[in-house]
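Residue-level structure breakdown
Each chain is listed here by its residues.
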Amino acid sequence: MTTPFPYEHGPVPPPECPAHGLGVGPGGLRRLYGPEAEQDPHGLYEKLRAEHGTVAPVLLHGDVPAWLVLGHSENLHMTRTPSQFSRDSRRWRALQDGSVAPDHPLAPIFTWQPICVFADGATHERQRGAVTDSMARIDTRGVRRHVNRYSNRLVNGFCREGRTDLVADFAERLPMMVMCAILGMPEEYNDRMVEAARDMIKGTATAVQSNAYVVGVLTRLVERRRREPADDFATWLVEHPANMNDQEVAEHLRLILIASYEATVNLIANVLRMVLTDPRFRARLSGGHMTVPEAVEQTLWDEPPFTAVFGRWAVGDTELGGKHIKAGDALIVGIAPANTDPVVRPDLTANMEGNRSHLAFSGGPHECPGQDIGRAIADVGVDALLLRLPDLELAVDENELRWVGNFMSRHLVELPAEFAPRSPQDDREPPSMGRPSAARQDWEVQSAVRHTAPTPVRAPLDPAHAPSAATPAGATATVDGSAEALSGAAGDGTAGGRVPRQRKPGGPARLWRVVTRWWSGD
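No experiment lies behind these values; they were computed from the predicted model shown.

**Focus on the side chain of Arg 312**
With respect to the helices and strands, the residue Arg 312 is situated in strand β5 (residues 309–314). For the buried residue Arg 312, which engages in no salt bridge, the nearest side chain bearing the opposite charge is Asp 120, 6.8 Å off. Excluding its chain neighbours within four sequence positions, the residues that come into contact with Arg 312 are Met 78, Thr 79, Phe 85, Ser 86, Arg 87, Asp 329, Ala 330, Leu 331, Val 333, Ser 362, Gly 363 and His 366.

Here's what the structure looks like:
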């Protein structure tokens, strides 16, 4: 058992001190911020694991002490035991003694608010119940239609160019478009909202102002929904029997918007990076050996959208991972290090598809309630993008890719990609395969030996089943002679005809699986 933070009552270097630029602070403890933590977080986790085991003392911004929980089982115990580790940040001893100022860079994250994420017991059940009940009312198929349509619209914005930044032009925009529609404020989607959502959790000098902007937008939405109810998430929270006041509703909307946005942006970017940089990953995906949802799940293990979650606060003196935790100590849920804990994952190259025991969405009573929505945005968005641009290739050398972030998340600065230019599609319709480029007809592994995807060839029709002159325009004659309407209803992006029957074995099986999966909304 070790003594916690031996330096915590000693002097702390001023912010301008050169020591703040190093990875080690007072007492020889490692900083969870700064260049080392941002550029190589996984390397930092392994150093901490080697030095301290499954629970390590670390320093937050301003060299404020906290505990980073690295072990998988220790994280599960902490998140599932609110009687020992509370979510109420007012218990933090550093706040009580003034070590952490109200304008601390992480204030938007830890400042107590009347929302479920800072509550335990009956209050948490009441507020969380309102959120989960409202989540249950979301039309999942409707969300998928939104994702398809918005993905198509975003691709239309750059498809003529033959080159794009998949982070700035796609991953950072799609989740905000979808979440604004779900919450009930599609008119509020703009560049300022995207910038504020990314900035407010970075611990920057402008984080507080960005938070104020988002809160202002959501407060006006709540006031409007009190006057003018609609069929959207904001109205459902306002009208829920939990009887939350306007501040509670606005703060819960802020929590849902920012958490889901940041997580989904990073998830989409990470999946696309794997597609463009990992030949084995891409080969398994393009070869039909791995579905897009399975690719997303593998990414949640390897590159979780949130690397850590701050925080938990010790209710009383206790022990975790062999460390003595004092009442009021701050603890951090180590998502990324828990996912690489050698006790549960000794081989980091092992296939984890279908295994959801990762902690990408935390655990216990505070586990993310909107994780299925995030998965749907990532699944459908990535699938729609690859349908439109199957020949995507990384436009720079892989070692030129850069990341920025803080101890809570890490995201790509940009992901330059190139492809054969093509014409836009009607963004009222869901994406289609279209005609493959003459220059590139595949998105298989780019190696010395090119693997060209097969060109779909229609099976010959039996003369007895040839399409008649009565076959309606815009329909397609299938191999069994039936005509299938493939056009969607204008404006809503839904399929207008019945789902086509399965082709005979002679058809291109992988292409057909992609089309039928989209059509069914899966």
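Following the structure, the description resumes.
**As for the packing of helix α9 (residues 174–183) against helix α17 (residues 371–388)**
Here α9 crosses α17 at 130°, and the two axes come no closer than 11 Å. Relative to α17, the element α9 lies oblique. Judged by the sense of rotation from one axis to the other, the crossing of α9 with α17 is right-handed. Where α9 approaches α17, its residues Leu 174, Pro 175, Val 178, Met 179 and Ile 182 are matched on the opposing element by Ile 373, Ile 377 and Gly 381. Residues of the contact of α9 with α17, tallied by class, amount to seven nonpolar, one polar and no charged.

**Comments concerning the packing of aromatic side chains**
Per the stated rule, a full pass over the model turns up seven aromatic pairs. Relative to Phe 310, the ring of Trp 92 lies with its centre 5.3 Å away and its plane at 70°, an arrangement referred to as edge-to-face. With Trp 92 in the loop between β3 (85–86) and α4 (93–96) and Phe 310 in strand β5, this residue pair connects regions lying 218 residues apart in the sequence. Each member of the pair, Trp 92 together with Phe 310, is buried. What links up through ring pairs into an aromatic cluster is the set Trp 92, Phe 110, Phe 310 and Trp 313. The residue whose ring lies beneath Arg 87 is Phe 118, and the NZ or CZ to ring-centre distance is 5.6 Å. If you follow Arg 192 out to its NZ or CZ, it ends over the ring of Tyr 213, 4.4 Å from the centre.

**Some words on the sheet that holds strand β9 (residues 393–394)**
Taking strand neighbours across the sheet as the criterion, the three strands line up as β4-β12-β9 in an open arrangement whose pairing is antiparallel. A single partner strand is all that each edge strand has here, and the edge strands are β4 (163–165) and β9. As paired elements, β9 and strand β12 (residues 416–418) share two bridges and run antiparallel to each other. Across the sheet, residue Glu 393 finds its bridge partner in β12, namely Glu 418.

**As for the pattern of salt bridges**
Inspection of the entire model under this criterion finds 20 salt bridges. With its nearest N and O atoms 2.9 Å apart, the salt bridge here joins Lys 47 to Glu 36. Placement of the pair is Lys 47 in helix α2 (residues 41–52) and Glu 36 in helix α1 (residues 35–39), with a sequence separation of eleven residues. A salt bridge links Arg 145 to Asp 139, with the shortest nitrogen-to-oxygen separation between them at 3.7 Å.

Scoring rules and cut-offs
- Residues numbered from 1 in each chain as written.
- Predicted model: local features only at pLDDT ≥ 70, side-chain atom pairs only at ≥ 80, totals over all residues.
- Heavy atoms only, no water.
- Helix = DSSP H or I, 4+ residues; strand = E, 2+ residues; numbered from the N terminus.
- Buried < 20%, exposed > 50% of the residue type's maximum accessible area, 1.4 Å probe, protein only.
- Lys, Arg positive; Asp, Glu negative; His and termini not counted.
- Salt bridge = Lys/Arg side-chain N within 4 Å of Asp/Glu carboxyl O.
- Contact = heavy atoms within 4.5 Å.
- Axes fitted to C-alpha atoms, helices over the stretch in contact; angles between N-to-C directions.
- Parallel < 35°, antiparallel > 145°, perpendicular 65-115°, else oblique.
- Left-handed = near helix turned anticlockwise from the far one by under 90°.
- Nonpolar A, V, L, I, M, F, W, Y, C, P; charged D, E, K, R; others polar.
- Phe/Tyr/Trp six-rings, centres within 6.5 Å; stacked < 30°, edge-to-face > 60°.
- Lys NZ or Arg CZ within 6 Å of the ring centre and 35° of its normal.
- Pairing = 2+ DSSP bridges.

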